[in-house]
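Single-letter residue listing:
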Amino acid sequence: MASLQSSGVIGSVPQSLSCCRRGMIRATINMPKLRTGGLSLKLPARDRVQEVLDMGVGLTAATTSPVEKKYESRANTTLPSVSNVSDPMVIAKLHAIMEAVADRVEMHKNIGEQRDNWNHLLLTSINAITLTAATMAGIAATSVGGPLVALKLSSTLMYLAATGMLVVMNKIQPSQLVEEQRNAARLFKQLHGQIQRTLSCGTPTSTDVEEAMEKVLALDKAFPLPLLGAMLDKFPKTVEPAVWWPQHRQRQERQSGRTYGNGWSVELEEEMREVVGVLKRKDTEDYLRLGNIALKVNKILAISGPLLTGLAACGTAFVGSSHGPWAATLGVVAGAMASVVNTMEHGGQVGMVFEMYRGNAGFFRLMEESIESNLNERDVGRRENGELFEMKVALQLGRSLSGLKDLAASSYSFSKKGEAIEEFASKLF
């Protein structure tokens, strides 16, 4: 009887492994033909088979092509988020607003130059007319054989013409109109730069479009171009700061506790509160006081000029009558004084000084509202970065960061003593 040892059988069994293209393993075991009969066959243990299969799996991973790995890695990679991509329509709207703002800059600049020419030409013309009328009145009063009717009549007519021109000039205040256009051109340039930074550095949204539109309309309202109907009152009853920005929406304070971050701290908040207090008590109040003085002086000069030329016209009308010497004196002296008053008002540009004071008070009022708006927001994440905001405030006031801290500390010490600080917050003007 034939017998077959298991070791011999196993040793005679050739095993071959082949890998297909897709990485599948095909194992083929070729065994010799054995005679049928009584034989005992020992098969390999299960652990041995499992080891062979594990070898096949490892071979599959090792033979995976780089191209397949590349596509597999791409399949597992998440697509980039498109939430940071701006809406093309929003960008187009901001570009349209920016073009309108650039056009307004040129408009206000050109109209400002035109109205500056008005001021110089009207001032020169009215003074020339007034002095010529005074000279003619003096010649008519001292003429031999009685006054010359032609000189007397010409002097009276010239005084009346100067009176009418002065009334119109004092009503529109060309020097004040020029200052308005200068401020408008400067502020529109600032807005143009803000929109450019939004387009280049940030991700514009529809909120940015709305805010830009509101700022443009607020500037149009604060500095109107037409003279009839929309012109600002040059002699208001009370002096108020100029307002060229949209009113800030009141932020609702949350009931949750405040957490600091985003460059903000307790010390910075206290510093900003002290700065606001100094701006209100000193800078804004002082410029409103100066603006009130300039307004009163301008009113006096605006009334005195036409009144003096009117008196001069009445005086020249009575030259040659029984009150001839007094009438001639009134005509000459009043005319000369009218020229002096007109030069002081429009040559000194008192209207421009009033508008400058009013604009400075508006600048400080804007700073106050900006600081308070940030302080009222309890969520510091929605505020402007504290360090950047502190630097902006310091630059706007013409101070260094250490100087701004010293100002806040000085204001706090004076308030503890119950005294008012004498230092102004701004060192620019």
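Given the structure is predicted, the values throughout are model-derived calculations rather than measurements.

Caption draft 1: Summary view of the overall build of the protein chain. A tally of helices and strands in the protein chain yields 12 helices and 2 strands. In the protein chain, the succession of α and β elements from N to C terminus is α-β-β-α-α-α-α-α-α-α-α-α-α-α. Residue burial in the protein chain is summarised as follows: out of 429 residues, 34% are buried. Contacts spanning at least 24 positions in sequence make up 80% of the contacts within the protein chain whose residues lie at least 6 apart. In the form shown here, the protein chain has an accessible surface area of approximately 25,800 Å², with 60% of it arising from carbon and sulfur atoms.

Caption draft 2: Here's a closer look at the packing of helix α6 (residues 174-201) against helix α10 (residues 350-376). Relative orientation of the contacting elements α6 and α10 amounts to 35°, with a least axis distance of 6 Å. At the point where α6 passes α10, the crossing takes the right-handed sense. Of α10, the residues touching α6 (which contributes S175, Q176, E179, E180, R182 and N183) are G351, M352, F354, E355 and M356. Looking at the contact of α6 with α10 residue by residue, the class counts come to 3 nonpolar, 4 polar and 4 charged.

Caption draft 3: Layout of the side chain of K234. Tracing the backbone shows K234 in the loop between α7 (206-222) and α8 (266-317). Separated by 2.9 Å, the side chain of K234 and the backbone oxygen of L232 make a polar contact. Non-local contacts of K234, meaning those with residues more than four positions away in its chain, are made with K171, I172, Q173, Q176, L177, E180, L295 and F354.

Caption draft 4: Looking closely at the nonpolar core. M272, I371, V393 and L397 are the most contacted members of the largest nonpolar core, which has 27 residues in total. Where this core is concerned, the elements lending two or more residues are α8, α10, α11 (386-396) and α12 (401-417). When residues of this core are assigned to their parent elements, the largest contribution, 9 residues, is made by α8. The next biggest cluster of nonpolar side chains, apart from the first, holds 20 residues, and it includes A184, L187, F223 and W244.

Caption draft 5: Highlighting the confidence of the model for the protein chain. Scored by pLDDT, the protein chain has a mean of 80; 76% of the residues are at 70 or more. Long-range and interchain partners of residues 1-49, a stretch whose pLDDT sits below 50, account for 38 contacts in this model, where long-range means more than four residues apart. Predicted confidence for residues 252-257 stays below pLDDT 50, and this span has 7 contacts to residues more than four positions away or in other chains.

Caption draft 6: Summary view of the packing of aromatic side chains. Applying the stated rule across the entire model yields 5 aromatic pairs. Ring centres of W244 and W245 lie 5.2 Å apart, and the angle between their planes is 90°; on these two criteria the pair is classed as edge-to-face. Neither residue differs from the other here; W244 and W245 are each classed as buried. For the ring pair W264 and F389, a centre distance of 5.9 Å and an interplane angle of 35° mean the geometry is tilted.

Caption draft 7: Quick look at the packing of α11 against α12. Between α11 and α12, the shortest axis-to-axis distance is 9 Å and the interhelical angle comes to 85°. On the basis of their axis angle, the class for α11 and α12 is roughly perpendicular. In this structure, α11 contributes E390, M391, V393 and A394 to the contact, and α12 contributes L401, L404 and K405. Grouping the amino acids of the contact of α11 with α12 by side-chain chemistry returns 5 nonpolar, no polar and 2 charged.

Conventions used here
Residues numbered from 1 in each chain as written. Predicted model: local features only at pLDDT ≥ 70, side-chain atom pairs only at ≥ 80, totals over all residues. Heavy atoms only, no water. Helix = DSSP H or I, 4+ residues; strand = E, 2+ residues; numbered from the N terminus. Buried < 20%, exposed > 50% of the residue type's maximum accessible area, 1.4 Å probe, protein only. Contact = heavy atoms within 4.5 Å. Areas by Shrake-Rupley, 256 points an atom, 1.4 Å probe, with all protein chains shown as cover. Axes fitted to C-alpha atoms, helices over the stretch in contact; angles between N-to-C directions. Left-handed = near helix turned anticlockwise from the far one by under 90°. Nonpolar A, V, L, I, M, F, W, Y, C, P; charged D, E, K, R; others polar. Polar contact = N/O pair within 3.5 Å; in protein donor to acceptor, adjacent residues only side chain to side chain. Core = buried A, V, L, I, M, F, W, Y, C linked by side-chain atoms within 4.5 Å. pLDDT = per-residue confidence, 0-100. Phe/Tyr/Trp six-rings, centres within 6.5 Å; stacked < 30°, edge-to-face > 60°. Parallel < 35°, antiparallel > 145°, perpendicular 65-115°, else oblique.

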